[in-house]
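These are the residues of each chain, in order.
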Amino acid sequence: MTIRFDKLGVVIAAIVAYAAFAAPFATFRANRIVPGEARSILEALPAMLGPLLLAVIVVAAVVALLKTPLILRLAASVVALAALALLIGVAGSFLTPEGNSFARISPASGFWLLIFAFTLLLADVLTRLNLSPWARIGVLVVAAAAIGMLLVSGSWNSLSILKEYANRADSFWAEGSKHVTLALGSLAAAVIAGLPLGILCHRVEKLRAGVLNVLNIIQTIPSIALFGLLIAPLGWVATHVPGAASLGIRGIGTAPAFVALFLYSLLPVVANTVVGLAGVPRAANDAARGMGMTDRQRLFGVEFPLAFPVILTGIRIVLVQNIGLATIAALIGGGGFGVFVFQGVGQTAMDLVLLGAVPTVALAFAAAIILDAVIEMTSTRRPEAQPA
């Protein structure tokens with residue numbers, strides 16, 4: 001009998017072997033800023049649970065390593081991820097001294113590598129299963145619900161990131177609201193301005209190169225530099241334009257962050273609009289003209305629907321980009337999850353950094369999955385042009 005190995009499984013098995021047996025599973029700190037003490041899986045968990053987790057991890061790694069049925073690989077990845085999610089909370093309770101409110105227990109590199117390895121296995125299985133868009137959204141909802149249940153149950157309350165959250169619960173949701181408002185608001189403004197500009201660039205070829213070149217130049221400016229460049233002109237507007245300050249326009253804060261994100265968002269929206277409209281088959285336009293449709297009717301009835309999946313791809317790029325870039329807005333007082341990231345960096349408190357970074361990554365990941373599904377659902381099979 002020939003044993004066949006899965007190529008990706010070899011990589012996953014190597015990561016798992018290192019993470020489970022060589023890297024620390026959790027870190028114990030006497031308080032939030034002192035250096036941590038590494039704990040392996042066997043040291044971080046009660047006597048029976050440590051070997052049990054190692055057994056689950058090893059079995060799941062073997063399933064990934066060998067060419068096994070997709071259903072078995074799916075089950076192995078889900079069971080391994082569930083075991084890791086549950087037992088890291090147990091490790092937090094086990095390692096925290098009784099009655100000690102200052103100790104901090106954090107997931108260490110081994111935990112994160114194991115999460116990465118089995119998430120990679122799960123993503124590979126879901127890709128091979130070729131799930132429908134609705135099924136992918138369903139998987140995302142189930143995963144979000146499972147994490148939500150863990151948070152509500154209090155299983156992770158002993159972990160340091162949840163202790164940081166408990167100390168900042170009100171400000172966390174306030175900054176989260178600012179973060180989402182910045183990302184979605186700048187996207188909406190870019191769509192409102194970018195779609196007509198993209199249509200104009202498609203129709204007027206002489207205008208296209210100049211507009212796209214200017215937007216390309218803006219895209220090359222580093223985000224922190226662009227935020228800084230906007231402080232002076234917006235400060236001048238706030239001082240000299242009546243009513244501007246009352247609208248919230250000032251040199252620092254939300255206004256320059258919003259404007260910068262808006263400017264960064266224009267290129268993907270405009271460029272994808274141009275590409276999408278240029279990709280509309282000539283036969284479809286000829287048929288619409290033959291039916292007596294006006295230019296406006298052809299634009300909204302033929303060209304725009306056929307170009308919409310490409311335009312939506314640009315919107316997806318912008319949303320994921322803006323969710324990440326909004327983190328930097330905290331440097332100029334714009335708020336958002338970046339507040340916790342930069343506070344954590346300043347205080348050498350890694351768990352505070354994670355309090356801002358983890359929800360940012362989660363939002364970007366969820367937005368990418370949802371918009372990818374929407375793009376696939378709205379994709380239309382384009383008719384092929386018939387030879388003359």
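The structure presented is a predicted model; accordingly, all values stated were derived computationally and were not measured.

Calculation rules
Residues numbered from 1 in each chain as written. Predicted model: local features only at pLDDT ≥ 70, side-chain atom pairs only at ≥ 80, totals over all residues. Heavy atoms only, no water. Pairing = 2+ DSSP bridges. Helix = DSSP H or I, 4+ residues; strand = E, 2+ residues; numbered from the N terminus. Axes fitted to C-alpha atoms, helices over the stretch in contact; angles between N-to-C directions. Contact = heavy atoms within 4.5 Å. Patch = residues over 30% accessible without salt bridge, like charges linked within 9 Å, V, L, I, M, F, W, Y side chains within 5 Å. Areas by Shrake-Rupley, 256 points an atom, 1.4 Å probe, with all protein chains shown as cover. Salt bridge = Lys/Arg side-chain N within 4 Å of Asp/Glu carboxyl O. Buried < 20%, exposed > 50% of the residue type's maximum accessible area, 1.4 Å probe, protein only. Phe/Tyr/Trp six-rings, centres within 6.5 Å; stacked < 30°, edge-to-face > 60°. Domains from an automatic or database assignment. Buried area = accessible area lost by both parts, 1.4 Å probe. Expected span 1.5 Å × (residues − 1). Bend = angle between axes of the 7 residues up to and from the residue.

It is worth spelling out the sheet that holds strand 1 (residues 26-29) at this point. Across the sheet, three strands lie side by side as 2-1-3; this open sheet has antiparallel pairing. Only two strands of the sheet have a single partner each, and these edge strands are strand 2 (37-39) and strand 3 (104-107). Each neighbouring strand pair of the sheet contributes to a mean axis angle of 25 degrees, computed without reference to strand direction. Sheet topology places strand 1 next to strand 3; four bridges connect them, and they run antiparallel. Among the inter-strand pairings, R29 is bridged to a residue of strand 3, identified as R104. Running over the sheet, helix 7 (residues 160-167) touches strand 1 and strand 3 and is turned about 120 degrees from strand 3.

Moving on, we come to a nonpolar patch on the surface. Taken together, the side chains of I3, F5 and V10 present a nonpolar region at the surface, about 290 Å² in accessible area. Positionally, F5 belongs in the segment before helix 1 (7-21).

Bringing the environment of A23 into the picture now. Examined against the element boundaries, A23 turns out to sit in the loop between helix 1 and strand 1. Through-space distance from the C-alpha of A23 to that of L266 is 44 Å; in sequence the pair is 243 residues apart. The contacts of A23, once residues within four sequence positions are left out, are Y18, S109 and G110.

A separate point is the pattern of salt bridges. Note that side chains of opposite charge can pair when their charged atoms are close. Summed over all chains, the structure comprises ten salt bridges. A salt bridge links D124 to R128, with the nearest nitrogen and oxygen atoms 3.1 Å apart. A residue pair is termed a helical-turn pair when its members lie 3 or 4 positions apart in one helix, as D124 and R128 do in helix 5 (residues 109-129) at four residues. Where E376 meets R136, a salt bridge forms, and the shortest distance between an N and an O atom there is 2.8 Å. Taken together, the residues span a long stretch of sequence, with E376 in helix 15 (residues 350-378) and R136 in helix 6 (residues 133-153) at a distance of 240 residues. For R136, a relative accessible area of 24% corresponds to the partly exposed category. Beyond isolated ion pairs, a larger network of salt bridges with shared partners links D6, R73, D124 and R128.

Applying the stated criterion across every chain yields a total of seven aromatic pairs. Aromatic pair Y165 and F172: ring centres 5.3 Å apart, planes at 85 degrees, arrangement edge-to-face. Using a relative accessible area of 25% as the deciding quantity, one classes Y165 as partly exposed. Its relative accessible area of 9% is what places F172 among the buried residues. An aromatic cluster of at least three residues, connected via ring pairs, comprises Y165, F172, W173, F337 and F340.

A two-sided burial pattern is seen for strand 1, the buried positions comprising A26 and F28 on one face and T27 and R29 on the other. Pairing of strand 1 with strand 2, which is carried by three bridges, proceeds in the antiparallel orientation. The residue bridging A26 from the neighbouring strand is R39, located in strand 2.

Attention now moves to the domain arrangement of the protein. Considered domain by domain, the protein is made up of domain 1 (7-159) and domain 2 (169-385). Placing the centre of domain 1 and that of domain 2 at their C-alpha centroids yields a distance of 34 Å. The partner domain 2 presents 13 residues to the ten residues of domain 1 that form the contact. Carbon and sulfur atoms supply 63% of the area that domain 1 and domain 2 bury against each other, a total of about 1,000 Å² over both sides.

The next point concerns helix 13 (residues 295-325). Here helix 13 is 31 residues long, yet its end C-alpha atoms lie only 38 Å apart, well below the 45 Å a rise of 1.5 Å per residue gives. In helix 13, a bend of some 50 degrees at F304 exceeds every other bend along the element, and P305, a proline, comes one to four places later.

Here we take up the environment of L234. Along the chain, the position of L234 falls in helix 10 (residues 223-240). The sequence separation of L234 and W156 amounts to 78 residues, and the corresponding C-alpha distance is 44 Å.

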